[in-house]
Structures are given as structure tokens and as C-alpha cells.
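Take a look at the letters that make up each chain.
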Amino acid sequence: PGLKNKIRRQEGTNINQATQGDYAWSKLAKAALYLLIFLLPLFFLPGSADILGLSKQLLLLFLIFAGFLFWLLDAVYNGKISLNVRPPLYGLIAFLLLTWGASTVFSYSKYGSFWGWPFDTGESFLTLVLLSAMFFLAANLFNKANEVIYLLMVFVFSSFLAVVFGLMQLMNRF
């Protein structure tokens, strides 16, 4: 009944178009995460003061935002949000975010603690929030074991490429 009502509201569409739209937003959200997992070990911006940290934080910010946007568009299009909640794990992440957030609030250098700049951006509160959001997004998008294994394979392959690139630099080949 819900699909028929959706088709009635969207005049001129048929069942194939409605199901393709449902699938497209979710697929774009997954693509943003796959792209993030692949590019994160390899990405750098030459010419900046912090070649690796800041560029990876910006990539993380952009692709997590895109993934969440597509995930929310999928939820709006379907008319429901399905959450894959695991209370103990989410509780630990929430506790970590709260303690790190309190540390940022009471820090002597609030700006440096939040953004990580001019210090190490990998240890900033923003990076922890983004990595927590990545976990939340991945936990709600990838429900099948083979999808998670494929995601790990993409990460291992990307890391392998980063190691090969690093070894080639050590041998002055690249």
C-alpha cells in the first residue's frame, strides 16, 4: 500500500522509477563512503603547511557530509529512517565524544583542540566527530557481511597502494 500511495503522489511515475529512486540515494551514500575509504590513505595536498593532516580532514569532512546528505535524502524519499543501533557500541562512542568535547571546552587552546590547527589535525575534536559520523553512516548503510568485507578490501587495497608509493619514494623511484 505504501508504494502505491507514493506512486499516486508522484504523477507520471511507474513502479520501476520509484524503486530506482529509492536505490539511487542509498547507492550514492555508499559510493561516498567507498570513495572516502579508498582516498583517505592516498590523499594529500602538496603545497600546504600540513600536507597530510589538514587535507585528509577536509576530505573526511566533505565526503562524510555528502554521505549523510544522500542518506538523509534516501530517508526523505522513502519516508522512513531505519537505524541499525547497537547500544553498547554507540554508548562507548558517545562517552568518548563527551569526554573529548569536555576536554576541548576546558582546553587552554580551544581553537587548536577543536580544529587541530596549528597542531596535529588528526587529534582534533572535529576529526573525532567526523570519524564517529563515518562509523554511524557505515553501520547504517552496510548491513550485509559481504558489503563490509568489500569495504575492508577497498581499504586494504588503498593502504597497499599507499605503502607501494611510500616505498617507491624511499628508493627515489617516484
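Here, every reference points to the structure presented above.
The structure contained in this document is the topic of the report that follows. Going along each chain's sequence as written, the residues are numbered from 1 onward. With the structure being a predicted model, the display of local features is reserved for residues of pLDDT at least 70 and the display and counting of side-chain atom pairs for 80 or more, all residues being used for whole-chain, interface and lining totals. Excluded from the side-chain calculation are hydrogens and water; included are all heavy atoms of the structure.

### Some words on the pattern of salt bridges
- One speaks of a salt bridge when a side-chain nitrogen belonging to Lys or Arg is within 4 Å of a carboxyl oxygen belonging to Asp or Glu. A full pass over the atoms with the stated rule returns 1 salt bridge.
- The partner of Glu-147 in a salt bridge is Lys-30, and the shortest N-O contact between them spans 2.7 Å. Separated by 117 residues along the polypeptide, Glu-147 in helix 7 (residues 145-170) and Lys-30 in helix 2 (residues 15-39) bring together distant segments of the chain. Each member of the pair, Glu-147 as well as Lys-30, is classed as buried. A run of H or I in DSSP counts as a helix once it spans at least four residues, and a run of E counts as a strand once it spans at least two, with each numbered from the N terminus. Buried means the residue's accessible area, taken with a 1.4 Å probe over protein chains only, is under 20% of the maximum for its type, while exposed means over 50%, and partly exposed covers the values in between.

### As for helix 3 (residues 53-78)
- To estimate the expected span of a helix, count its residues, drop one, and scale the result by 1.5 Å. The end-to-end C-alpha distance of helix 3, which contains 26 residues, comes to 37 Å, matching closely the 38 Å that a straight helix rising 1.5 Å per residue would cover.
- Following helix 3 by one or two positions, Gly-79 has its phi on the positive side, about 80°.

### Considerations on the packing of helix 3 against helix 6 (residues 125-141)
- Axes, fitted as lines to C-alpha atoms, cover a helix only where it is in contact. Angles between the N-to-C directions of the axes lie from 0 to 180 degrees. Interhelical geometry of helix 3 versus helix 6 gives an angle of 35° and a closest axis separation of 10 Å. Along this stretch, helix 3 crosses helix 6, giving a crossing that reads as left-handed. Within the contact between the two elements, helix 3 uses Gln-57, Leu-60, Leu-61, Ile-64, Gly-67, Phe-68 and Trp-71 and helix 6 uses Leu-126, Thr-127, Leu-130, Leu-131, Ala-133, Met-134, Phe-136, Leu-137, Asn-140 and Leu-141. By definition, turning the near helix anticlockwise from the far helix through less than a right angle yields a left-handed crossing, and turning it clockwise yields a right-handed one. What makes two residues a contact is simply this: any of their non-hydrogen atoms within 4.5 Å.

### Remarks on the side chain of Lys-30
- Given a relative accessible area of 18%, Lys-30 falls into the buried group.
- In protein, a polar contact means a hydrogen-donor-capable atom and an acceptor-capable atom, both N or O and within 3.5 Å, with residues adjacent in sequence counting only if both atoms are side-chain atoms; elsewhere, any N or O pair within 3.5 Å suffices. A distance of 2.7 Å separates polar atoms of two side chains, one belonging to Lys-30 and the other to Glu-147.
- With residues near it in sequence (within four places) discarded, Lys-30 still touches Leu-141, Phe-142 and Glu-147.

### Looking at the packing of aromatic side chains
- Two aromatic rings, drawn from Phe, Tyr or Trp (for Trp, its six-membered ring), form a pair once their centres lie within 6.5 Å of each other, and the interplanar angle then sorts them: stacked below 30 degrees, edge-to-face above 60, tilted otherwise. Applying the stated criterion across every chain, the model contains 11 aromatic pairs.
- Relative to Phe-142, the ring of Tyr-34 has its centre 5.4 Å away and its plane inclined at 70°; by these criteria the two rings are edge-to-face. In this pair, Tyr-34 sits in helix 2 while Phe-142 sits in the loop between helix 6 and helix 7, placing the two residues 108 residues apart along the sequence.
- Plain terms: the ring middles of Phe-114 and Phe-125 are 6.0 Å apart, the flat faces sit at 45° to each other, and that makes the pair tilted. Here the residue Phe-114 occupies a position in helix 5 (residues 110-115), and Phe-125 occupies one in helix 6, the gap between them amounting to 11 residues.
- Classification of Phe-114 by relative accessible area gives partly exposed; the value is 30%.
- The exposure class assigned to Phe-125 is buried, which follows from its relative accessible area of 15%.

### A short note on helix 7
- Over its 26 residues, helix 7 extends 37 Å from the first C-alpha to the last, a length consistent with the 38 Å expected when each residue adds 1.5 Å.
- Residues of helix 7 that are buried include every one of Glu-147, Leu-151, Val-154 and Ser-158, and no others.
- Among the residues trailing helix 7, Asn-172 stands out with phi positive, at a value near 55°.

### Focus: the packing of helix 4 (residues 87-105) against helix 6
- Direction vectors running N to C along helix 4 and helix 6 enclose 165°, while the axes themselves pass 10 Å from each other. Relative to helix 6, the element helix 4 is oriented roughly antiparallel. For the crossing formed where helix 4 meets helix 6, the hand is left-handed. In this structure, helix 4 uses Leu-89, Tyr-90, Ile-93, Leu-96, Leu-97, Trp-100, Gly-101 and Thr-104 to contact helix 6, whose residues at the interface are Phe-125, Leu-128, Val-129, Ser-132, Phe-135, Phe-136, Ala-139 and Asn-140.
- Only Asp, Glu, Lys and Arg are considered charged, only Ala, Val, Leu, Ile, Met, Phe, Trp, Tyr, Cys and Pro nonpolar, and every remaining residue, Gly among them, polar. A breakdown of the residues in the contact of helix 4 with helix 6 according to their chemical character gives 12 nonpolar, 4 polar and no charged. By definition in this entry, angles of less than 35 degrees are roughly parallel, angles greater than 145 are roughly antiparallel, angles of 65 to 115 are roughly perpendicular, and the rest are oblique.

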